[in-house]
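If you want the building blocks of each chain, they are given just below.
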Amino acid sequence: MTPSPGAGDLSLSDRHGPTTLDEALQSSSHLPRWIGWRLRLLVGVILGGCVLVFALAQWLTVQPRLPVTLKASPEGSVKIVTANMPTLQRLEGHAIEGVRVEQIAPSGSVTVLEAPIELLALQHSARWIPDAKAREHYADLHRRLAAAAAMLPPEGGVVVLELVNAPDEPMLVAQRGWGGLTPLFWMLSALALVVMGVGAVVFLAGPQWRNAAFAMLALTQGAHLLLIAAESNLDMFMPVWFVDLDASLRTGLDIVSAAAMIQVAVLHPRRLRGWGLVALGGWAAAVAVGLALSYLTPAWQWWWVQGSCALLVLAAICFMTLTYRQAPHPFTLVLRRFTSITLGSWILLSVAVTMATTRPDMQLNVTTFGVMTWHVFFASQLLLSPYLSRSKQILQEFSLLAASSTVAASLDLLFVAVFSLGQFTSMTLSLFLSFGVYLSIRRWVMTNVLSRDPITTERLFERLYRIARELERRPDRLDDLMARLMRELFDPIEISLVQGDVPTTALRGNGGILLVPLPHLSHTEGCTKVFVLKHADKGRRLFTSEDARLADRIVEQLHRVLTFDRAVERGRSEERMRLAQDLHDDIGARLLTLMYQAPNPEIEDYIRHTLQDLKTLTRGLAVQTHTLSDAASEWKRDLSHRLHVARCELDWHLTQDEDVELTVVQWSALTRILRELVNNTISHAKANRVRVELTFKDDRLTLSVTDNGLGRSPESWSHGLGLGGVRKRTKQLGGTVTWQELEPRGIGCEVVVEQFSAPVPG
């Protein structure tokens, strides 16, 4: 998990804040300003949505309502299905052809207005009427019905139902009232509030472009659900302004949803290269689609909207595929499958609407229940998306089951509306199909898509190992290294290191603050400093007891790693001391005896030189660390002695911007490299002058050995044990070695180690 930029990313030494634990706790009594602002805005959004729903409900309660329920018959007529009053139950099953309103003026004149009731008048919205003439007729029918309703008093009045093959029947039309609102209205309104609330939460928790697109999708689908809820309670007496507004608004909402899906596709879960231009192009295309509607003939407007939305969503699927190829992520596949299902059901719904024109009653069912089911399904997908990417396993299982249930309900409604199946048959078939799909994909989704922890155990172990290695070289970096680890684990808004003493990790402020004791490198002293972490996940959640236990385990494991490293290093030091002592006592004594018994001065000098090498080796083994300046002095003395015996001059140069400590590995490798290079010069080059330049600057070590000998063409040399050993030890240091021919004569060798202070395996 990559820490988000913020106050927590500053170095502890650069932060000016509380210095003691008491000051830190006192300064944490108030939430950060931005958290309070977002919480207040979220509460305002939720309250505003509730006010909107109740205002819509209040408006619906004063709308006129017929005391009978009408339904389309397969023959294309409108029949009375049920009556709310016992006196009208005798009318059930009769066909109706219109309503008539009679208004008597104070002068005694009677005004009569008739409005036909056709099957098209039962349509809830003109948005899903493909035929342009049918849309015009639909608007005309509702204008005449609205004019008839306008002649009634505000509290209601009498209308006359014109029945087919039966006498006209007068009945009282009253206001709907609160008791007349259907349960479907409250369910759809509640779902709309939940969808819009989730969109607001996602955006306020992380104000980013991708979350803004998700919030836009939630807003559009919430608005669709509210419109459907209102339409289901308006019956035929729908105001003219609502008819016109509904068609235009729902068309615009569909176009905006398609453009928002493109923005989601290029941003979530990984950003596509050039996502800004792609998202801008999607919104520009949506604007172009909306503007083109005013220039198209009415016959092509519905097809233009359906096709344009389908193409935009198809483009979103293509961008998801491209995003996955650039940066593979399992959730991209899930998002692409959800979008493909959404697009496929949209196309099937559009085809079903156009093919059902031969059966007006079936077309009415498809445009009413099918469209409502599609929007409920899409809204359910929006609710599932945050859970699929962030929730724990139980919530993930619940989310998948909820998705399967939504699919089952959608299939049930579609089977009834399109194929006219029986209720039991359609329910059985839909449950079989939806849960069959659930069982087939559940294992794959749970194992490959849904990730529970932002930082895995392997990554955590790697962090601890690197911290331990770094602390071996620079114990003073403990504060910054632990602060970085705490930020990776908990992503707090603020982290500070203060003076204090807590025995173990503790929670304060009802989970708003986590106190983590700073581990001490020495076990002889207690913890005198404490990390104060405020508001986990950038304020999106509180700290829990699990977080406290995790922090305790981190501190404990770091203690164990450091203790183990010290024990291992102590064992190495003891073993090196034993080897050095054995070499000095046994091999050194024998060489000294041989030197005194040497038959001639040449052998005596050779044994004395060997003793000097042995002395250097044992001194290096006995001392755990060497400074670069001390080691250079030893190297200079050793090389001077070797070259003096060979009657060769040494030109030694040392340049360093700081004196660093060499590990045993570094000291041993550099010692053997220098010896091997000088030995080659003595044995093969026949040089009378050797120049050694040792430079350490900006953590870069450069060792250059040149001579004026007879050596030529180093690229043709065979690298045996000598030169091969130089390459091997240079690689062990993490550096590179090169040989080159010098003019007018001689060979130069250069060893370069770029990051000399980086840890070297022991």
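Residues numbered from 1 in each chain as written. Predicted model: local features only at pLDDT ≥ 70, side-chain atom pairs only at ≥ 80, totals over all residues. Heavy atoms only, no water.

### Comments concerning the sheet that holds strand β9 (residues 506-508)
To summarise the sheet geometry, strands pair through backbone hydrogen bonds and adopt either a parallel or an antiparallel arrangement.
Okay, so step 1: As summarised here, the arrangement of the 4 strands in space is β8-β11-β10-β9, forming an open sheet in which the pairing is antiparallel. A strand with exactly one partner marks an edge of an open sheet, and here the two such strands are β8 (494-499) and β9. Each adjacent strand pair in this sheet contributes to an overall mean axis angle of 25°, direction not counted.
Okay, so step 2: Relative to strand β11 (residues 529-534), β8 is paired through 6 bridges, and the arrangement is antiparallel. Each bridged residue has a counterpart across the sheet, and for I495 the counterpart in β11 is L533.
Okay, so step 3: This element, helix α14 (residues 478-490), spans β8, β10 (513-517) and β11 of the sheet and lies at about 30° to β11. (Pairing = 2+ DSSP bridges. Helix = DSSP H or I, 4+ residues; strand = E, 2+ residues; numbered from the N terminus. Axes fitted to C-alpha atoms, helices over the stretch in contact; angles between N-to-C directions. Contact = heavy atoms within 4.5 Å.)

### Considering a nonpolar patch on the surface
Okay, so step 1: Residues L296, W300, W303 and W304 make up a contiguous nonpolar surface patch of about 450 Å² in total accessible area.
Okay, so step 2: For L296, the location among the structural elements is in the loop between α7 (275-292) and α8 (298-326). (Patch = residues over 30% accessible without salt bridge, like charges linked within 9 Å, V, L, I, M, F, W, Y side chains within 5 Å. Areas by Shrake-Rupley, 256 points an atom, 1.4 Å probe, with all protein chains shown as cover. Salt bridge = Lys/Arg side-chain N within 4 Å of Asp/Glu carboxyl O.)

### Overview of α8
Okay, so step 1: A rise of 1.5 Å per residue sets the reference length of α8, with its 29 residues, at 42 Å; its end C-alpha atoms lie 43 Å apart and thus fit the reference within 8%.
Okay, so step 2: Considered for burial, the residues of α8 that qualify are W302, V305, Q306, S308, C309, A310, L312, V313, A316, I317, M320 and T323. (Expected span 1.5 Å × (residues − 1). Buried < 20%, exposed > 50% of the residue type's maximum accessible area, 1.4 Å probe, protein only.)

### Let's talk about the sheet that holds strand β18 (residues 747-753)
Okay, so step 1: Judged by pairing direction, the sheet is mixed, and its 5 strands sit side by side in the order β13-β15-β16-β18-β17 without closing on themselves. Each edge of the sheet is formed by a strand with only one pairing partner; in this case those strands are β13 (649-656) and β17 (736-741). Averaged over all adjacent pairs, the angle separating strand axes in this sheet is 10°, with direction ignored.
Okay, so step 2: Pairing geometry for strand β15 (residues 689-697) and strand β16 (residues 700-707), over 8 bridges, is antiparallel.

### Looking at the packing of aromatic side chains
Okay, so step 1: Counted by the stated rule, this structure contains 13 aromatic pairs.
Okay, so step 2: With a centroid separation of 6.0 Å and 50° between ring planes, the pair formed by F54 and W186 is classed as tilted. You can see F54 sitting in helix α2 (residues 33-61) and its partner W186 sitting in helix α4 (residues 183-205), a full 132 residues away along the chain.
Okay, so step 3: Residue class for W186 comes out partly exposed when judged on its relative accessible area of 33%.
Okay, so step 4: Ring geometry for W302 against W303: centres 5.1 Å apart, planes inclined by 85°, an arrangement best described as edge-to-face. (Phe/Tyr/Trp six-rings, centres within 6.5 Å; stacked < 30°, edge-to-face > 60°.)

### Quick look at the packing of helix α6 (residues 240-267) against α7
Okay, so step 1: Remark: α6 packs on α7, axes separated minimally by 9 Å, with the N-to-C direction vectors making an angle of 170°. Relative to α7, the element α6 is oriented roughly antiparallel. Every residue of α7 that contacts α6 at I255, V256, A259, A260, I262, Q263, V266 and L267 is listed here: W275, V278, A279, G282, W283, A286, V289 and G290. (Parallel < 35°, antiparallel > 145°, perpendicular 65-115°, else oblique.)

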